[in-house]
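Notes for the structure review
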Amino acid sequence: MNSIKLSKRLQAIANCVIGKRVVDVGCDHGKVAYYLIANNIAEYVICTDISAPSVAKAEKLLQENKIAKSKYDIRCGDGLETVSSADRLDTTVIAGMGGYETIKILQNADFLTKTLVLQPQRNWVDVKKYVLSVQYSIVYDRIIFESLLSFKSGFSFSGLRYYLRRGSDLTKPKRIDVYLTADSALRILNIEGDRVSV
């Protein structure tokens, strides 16, 4: 089994996974799934993507690294339509998509796992508002600076990562989020409990 070096963004996502049965929506190359299984973070991962070539890449990576077929499944389909409660999933990962696409995937799901790890590329505030409206609590929220590019607008970064748990039994600490808009203006987003203010 070969070790894979994840990017800062993918490593941050993998670090948030706590469940043993995971679905990676929009799995693309399958690196997150491989990392989770190879490091005994997850016992079983479903790799799903709307793109057949993407799920083929994920399957190739897992097969080449001799990951037992009992530890993963490859499914081609839109969002969470390929999974059900019968899969007994703990955690959903949705990373690298736009915020509205992330929301649409969650809205169209027949069921949602207790834990979500979300990393939208855009429209982060809308994602936060949506997940809070469906009874999730944001328990970890962070900006990942993956690279600095010399654009006119200033900085480029991979976006925010959300680690959410459903349920009211969790402590809801105040969090302060700092991020850059397209025009490099600095904005503060305060999250306290279930209230979001910008």
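Further up the page is the structure itself.
Reading the values: rules and limits
- Residues numbered from 1 in each chain as written.
- Predicted model: local features only at pLDDT ≥ 70, side-chain atom pairs only at ≥ 80, totals over all residues.
- Heavy atoms only, no water.
- Disulfide = S-S within 2.5 Å.
- Buried < 20%, exposed > 50% of the residue type's maximum accessible area, 1.4 Å probe, protein only.
- Helix = DSSP H or I, 4+ residues; strand = E, 2+ residues; numbered from the N terminus.
- Axes fitted to C-alpha atoms, helices over the stretch in contact; angles between N-to-C directions.
- Parallel < 35°, antiparallel > 145°, perpendicular 65-115°, else oblique.
- Left-handed = near helix turned anticlockwise from the far one by under 90°.
- Contact = heavy atoms within 4.5 Å.
- Nonpolar A, V, L, I, M, F, W, Y, C, P; charged D, E, K, R; others polar.

**A short note on the state of the cysteines**
Applying the stated rule across the entire model yields 0 disulfides. The thiol of cysteine 76 is not disulfide-bonded; the next cysteine sulfur, from cysteine 27, is found 9.0 Å away. In this structure cysteine 76 comes out as partly exposed when scored by relative accessible area, which is 45%.

**Focus on unusual backbone geometry**
The residue aspartate 28 is not glycine, and still its phi comes out positive at about 55°. Here aspartate 28 shows up in the loop between β1 (21-25) and α2 (31-38). With relative accessibility at 29%, the residue aspartate 28 sits in the partly exposed group. Here asparagine 40, not a glycine, exhibits a phi torsion of approximately 55°, which is positive. Mapped onto the elements of the fold, asparagine 40 is located in the loop between α2 and β2 (44-49).

**Points about the packing of helix α1 (residues 8-16) against α2**
Contact geometry for α1 and α2: axes closest at 10 Å, N-to-C directions at 45°. With respect to α2, the axis of α1 lies oblique. The handedness of the crossing between α1 and α2 comes out as right-handed. Contact with α1, carried on its side by Leu10, Gln11 and Ala14, involves Lys31, Val32, Tyr35 and Leu36 of α2 and no other residues of that element. Across the contact of α1 with α2, the residue classes break down as 5 nonpolar, 1 polar and 1 charged.

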